[in-house]
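Summary of structural features
For reference, the chains in residue letters:
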Amino acid sequence: MPPALVVIIGLLGLAVGSFLNVAVSRVPDGRSVVRPRSACPRCATPIAARDNIPIVSWLLLGRRCRACRAPIPARYPLIEALTAILFLAEALRFGRSETLPAELVFTSGLLALAACDAEQFLLPRRLVYPTLGLTAACLLVAAAVTGQWHRLGVTAACGAGAFAAFFALHRVRPPWLGFGDVRLAGLLGTGLGWLGPWYLVLALLAGSAAGLLVGITLIAAGRATRRTRLPFGLFLAVGAIAALLVGAPVVHWYESLGDPYAMGPPLAAISHRP
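So, here is what we can say about the structure in this document. (Residues numbered from 1 in each chain as written. Predicted model: local features only at pLDDT ≥ 70, side-chain atom pairs only at ≥ 80, totals over all residues. Heavy atoms only, no water.)

Another point: a nonpolar patch on the surface. A cluster of nonpolar side chains, Trp198, Val201, Leu205, Val250, Trp253, Tyr254 and Leu257, forms an exposed patch at the surface whose accessible area comes to about 720 Å². At the level of elements, helix H8 (197-220) and helix H9 (232-257) are the ones that each hand at least two residues to the nonpolar patch. For Val250, the location among the structural elements is in helix H9. (Patch = residues over 30% accessible without salt bridge, like charges linked within 9 Å, V, L, I, M, F, W, Y side chains within 5 Å. Areas by Shrake-Rupley, 256 points an atom, 1.4 Å probe, with all protein chains shown as cover. Salt bridge = Lys/Arg side-chain N within 4 Å of Asp/Glu carboxyl O. Helix = DSSP H or I, 4+ residues; strand = E, 2+ residues; numbered from the N terminus.)

Now the structure itself:
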C-alpha cells in the first residue's frame with residue numbers, strides 16, 4: 001500500500017475515533033449524534049473547532065475544558081488513538097482489497113460498542129444495527145466486484161448461526177447473556193464470516209478466554225466475586241479484533257492439522273517418487 005494512502009487511512013481513523021466518542025457519549029442516552037454541537041457536559045460551552053482536533057487538543061488543553069476547567073476523560077484520546085492504530089493495522093493486513101472498507105466499519109462499530117459496554121454495561125441496538133447494515137453493504141459490494149458470492153453466503157450463514165447459538169444460550173440461561181450479546185454475536189458472524197467460519201470460532205474462544213482470565217484475576221485480587229458483573233461484550237469485541245488482525249496463522253495452523261500435505265508431503269511419498 002502506498003505510504004500516502006496509509007497516512008490518509010490513519011488520519012481517517014483519528015476522525016472516525018472522534019465521531020465514535022460522540023456516539024459513545026450520546027447513543028446510550030438516546031440522543032442524536034448530529035445535533036446539537038459537541039459541548040462541555042459540565043458548563044455546556046460549545047467546543048470550538050480548535051479544541052476539537054483529535055488527541056492534540058486534549059494535550060494542549062491540559063486535559064481540561066477551556067471554559068470551566070473540568071477534566072476531560074482520557075477515554076476521548078484513547079479511542080481516537082486506538083481507532084487510528086487499528087485502521088493502520090488493518091490497512092497493512094488487508095492492503096488495497098475490496099473488503100477493507102467493510103472491516104474498517106466493523107472495527108469502528110466494535111470499538112464504540114466495547115466502550116459503551118465498559119462504561120455502562122450496555123450494547124445499544126442503535127450502534128449494533130447500523131454497524132451490521134453498513135458492514136453487510138460493504139461486503140455485498142465486495143462480492144459484486146470480486147464475484148465471490150460464495151463468501152457472502154458463508155458470511156450470512158456465520159451471522160445467522162452465531163445469532164441463533166447465542167439466542168439459544170440466552171433463552172436457556174438468561175443471567176449468562178443479555179440480548180445485547182445476542183445481537184453482537186450476529187454482528188461478529190457477519191464481520192468475520194467473509195474470512196471463514198474458523199475466524200468466528202477463534203474470536204468467540206479468545207473473547208471468552210479473555211473474560212474468564214480477567215474474572216479470575218479480579219477474584220484472586222479480592223476486587224470481585226463470582227457474582228460480579230463483567231462487560232462480556234467488551235471481551236467479545238477484543239476477541240473479534242484479535243482474530244481479524246492476527247488470527248490467520250492460528251486458523252491456517254488448525255486447518256493444516258487435517259491436511260497431511262499442508263506442511264509438505266510425507267517422507268514416504270517423497271521416497272517413492274520416480
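So, next bit.
Take a positive patch on the surface next. A surface patch of positive charge is lined by Arg42, Arg63, Arg64 and Arg69. Topologically, Arg63 is positioned in the loop between helix H2 (56-60) and helix H3 (75-94). (Lys, Arg positive; Asp, Glu negative; His and termini not counted. Charge placed at Lys NZ, Arg CZ, Asp CG, Glu CD.)

This brings us to unusual backbone geometry. Across the junction of Arg35 and Pro36, the peptide omega takes the value -5 degrees, indicating a cis bond. Here Pro36 shows up in the loop between helix H1 (3-26) and H2. In this structure, Ala44 is a non-glycine residue whose phi angle is positive, near 65 degrees. Checked against the element boundaries, Ala44 lands in the loop between H1 and H2. In this structure Ala44 comes out as exposed when scored by relative accessible area, which is 53%. Phi angles above zero are rare outside glycine, and Arg63 is one such case at about 65 degrees. (Buried < 20%, exposed > 50% of the residue type's maximum accessible area, 1.4 Å probe, protein only.)

What follows is about the packing of aromatic side chains. Counted under the stated rule, the structure contains four aromatic pairs. Plain terms: the ring middles of Phe163 and Phe179 are 6.2 Å apart, the flat faces sit at 85 degrees to each other, and that makes the pair edge-to-face. In this pair, Phe163 sits in helix H6 (residues 149-172) while Phe179 sits in helix H7 (residues 179-193), placing the two residues 16 residues apart along the sequence. An aromatic cluster is present here, built from Phe163, Phe167 and Phe179 joined pairwise through their rings. Between Arg75 and the ring centre of Tyr76, over which it is positioned, the NZ or CZ distance is 4.6 Å. A cation over a ring is seen here: Arg93 above Phe94, with NZ or CZ 4.6 Å from the ring centre. (Phe/Tyr/Trp six-rings, centres within 6.5 Å; stacked < 30°, edge-to-face > 60°. Lys NZ or Arg CZ within 6 Å of the ring centre and 35° of its normal.)

With that settled, consider the state of the cysteines. For the coordinates displayed, the defined rule picks out zero disulfides. With no disulfide of its own, Cys68 has Cys43 as its nearest cysteine by sulfur position, at a separation of 3.7 Å. For Cys138, which is in no disulfide, the shortest distance to another cysteine sulfur is to Cys158 and amounts to 18 Å. (Disulfide = S-S within 2.5 Å.)

The next subject is the pattern of salt bridges. Scanning the entire structure with this criterion turns up three salt bridges. For the salt bridge of Arg66 with Asp51, the shortest nitrogen-to-oxygen distance reads 2.8 Å. With Arg66 in the loop between H2 and H3 and Asp51 in the loop between H1 and H2, the pair connects residues that are 15 residues apart, well separated along the chain. With a relative accessible area of 43%, Arg66 lands in the partly exposed category.

Closest axis-to-axis distance for the H6/H8 pair is 10 Å, and the angle between their directions is 30 degrees. The crossing of H6 and H8 is right-handed. Across the interface between the two elements, Val154, Cys158, Ala162 and Phe166 from H6 touch Pro197, Leu200 and Leu204 from H8. Here the residues of the contact of H6 with H8 sort into seven nonpolar, no polar and no charged. (Axes fitted to C-alpha atoms, helices over the stretch in contact; angles between N-to-C directions. Left-handed = near helix turned anticlockwise from the far one by under 90°. Contact = heavy atoms within 4.5 Å. Nonpolar A, V, L, I, M, F, W, Y, C, P; charged D, E, K, R; others polar.)

A word on the side chain of Asp51. Given a relative accessible area of 15%, Asp51 falls into the buried group. A distance of 2.8 Å separates a polar atom in the side chain of Asp51 from a polar atom in the side chain of Arg66. With residues near it in sequence (within four places) discarded, Asp51 still touches Ser57, Leu61 and Arg66. (Polar contact = N/O pair within 3.5 Å; in protein donor to acceptor, adjacent residues only side chain to side chain.)

With that out of the way, let us pick up the packing of helix H5 (residues 125-146) against H7. For the pair H5 and H7, interaxial distance at closest approach is 10 Å and the crossing angle is 20 degrees. In terms of orientation, H5 lies roughly parallel with respect to H7. Judged by the twist between their axes, the crossing of H5 over H7 is left-handed. Counting all contacts with H5, which are made through Arg125, Val128, Tyr129, Thr131, Leu132, Thr135, Ala136 and Leu139, the residues of H7 involved are Arg183, Gly186, Leu187, Thr190 and Gly191. Residue classes in the contact of H5 with H7 are distributed as six nonpolar, five polar and two charged. (Parallel < 35°, antiparallel > 145°, perpendicular 65-115°, else oblique.)

By themselves these figures say nothing about function.
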